[in-house]
Amino acid sequence: MRVVAELAGANKIYKSGDTLITALDKTDLTIKTGELLLIIGPSGSGKTTLLSLLGCVIYPTSGQVIINGVDTKTLNSRKMAKLRLENIGFVFQSFNLIAPLNALENVIYPLQLLGVSNS
Ligand SMILES: Nc1ncnc2c1ncn2[C@@H]1O[C@H](COP(=O)(O)OP(=O)(O)OP(=O)(O)O)[C@@H](O)[C@H]1O
Ligand SMILES: [Mg+2]
């Protein structure tokens, strides 16, 4: 099966004043097509940080996050947004819908950004 996402020694460290907070220790992970993956751990263990790296929302502090063969660190924020649009889908616990749009329009919006035609 094809590898769709990979972390190679990827970690995330936040700076808060003089304090360094390790949100995710160096992590190696390979995800192949069709795999169902559960990320389980206590509060603060780095689940959201790991998902944010895989979802191309944040860059790793060091190491590599590779999505469909592309190292996210080589992408600027604009190219990262394109990769996210074309490859990533999030279903949030709270829906995070765009308020002025109805449900259908919320579905249509990212498709329009992708250039999918109405017909
Ligand atoms: N933007 C940030 N700035 C500073 N510290 C952060 C940031 N995001 C996460 N952290 C810290 O990194 C650690 C991991 O956070 P993360 O949100 O990934 O954990 P989690 O496993 O998703 O927790 P929960 O189960 O509560 O959702 C925590 O100590 C958190 O306080
Ligand atoms: Mg979380």
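Residues numbered from 1 in each chain as written. Chains lettered and ligands numbered in written order. Predicted model: local features only at pLDDT ≥ 70, side-chain atom pairs only at ≥ 80, totals over all residues. Heavy atoms only, no water.

A. Spatial organisation of the nonpolar core. Counting 16 residues, the largest nonpolar core has Leu 7, Leu 29, Leu 50, Leu 53, Leu 54, Val 65 and Ile 67 as the members making the most contacts within it. Contributing elements (two or more residues each) for this core: β1 (3-16), β2 (19-32), α1 (47-54), β3 (62-67) and α2 (77-87). Sequence-distant contacts of Leu 53, that is, excluding residues within four places in its chain, are made with Leu 7, Leu 24, Ile 58, Tyr 59, Pro 60 and Val 65. (Core = buried A, V, L, I, M, F, W, Y, C linked by side-chain atoms within 4.5 Å. Buried < 20%, exposed > 50% of the residue type's maximum accessible area, 1.4 Å probe, protein only. Helix = DSSP H or I, 4+ residues; strand = E, 2+ residues; numbered from the N terminus. Contact = heavy atoms within 4.5 Å.)

B. Just the site of ligand 1, in detail. Taken together, Tyr 14, Ile 21, Ala 23, Pro 42, Ser 43, Gly 44, Ser 45, Gly 46, Lys 47, Thr 48 and Thr 49 are the residues near ligand 1. Gly 46 is positioned with one of its backbone polar atoms (N or O) 3.0 Å from an oxygen atom of ligand 1. Here ligand 1, which alone exposes 630 Å², has 57% of that area covered by the protein. Those elements giving two or more residues to the shell around ligand 1 turn out to be β2 and α1. Per-element tally for the shell around ligand 1: the top contributor is α1, with 3 residues. The residue inventory of the shell around ligand 1, partitioned by class, reads 4 nonpolar, 6 polar and 1 charged. (Near = heavy atom within 4 Å. Polar contact = N/O pair within 3.5 Å; in protein donor to acceptor, adjacent residues only side chain to side chain. Areas by Shrake-Rupley, 256 points an atom, 1.4 Å probe, with all protein chains shown as cover. Nonpolar A, V, L, I, M, F, W, Y, C, P; charged D, E, K, R; others polar.)

As far as function goes, none of this settles anything; it's purely spatial.
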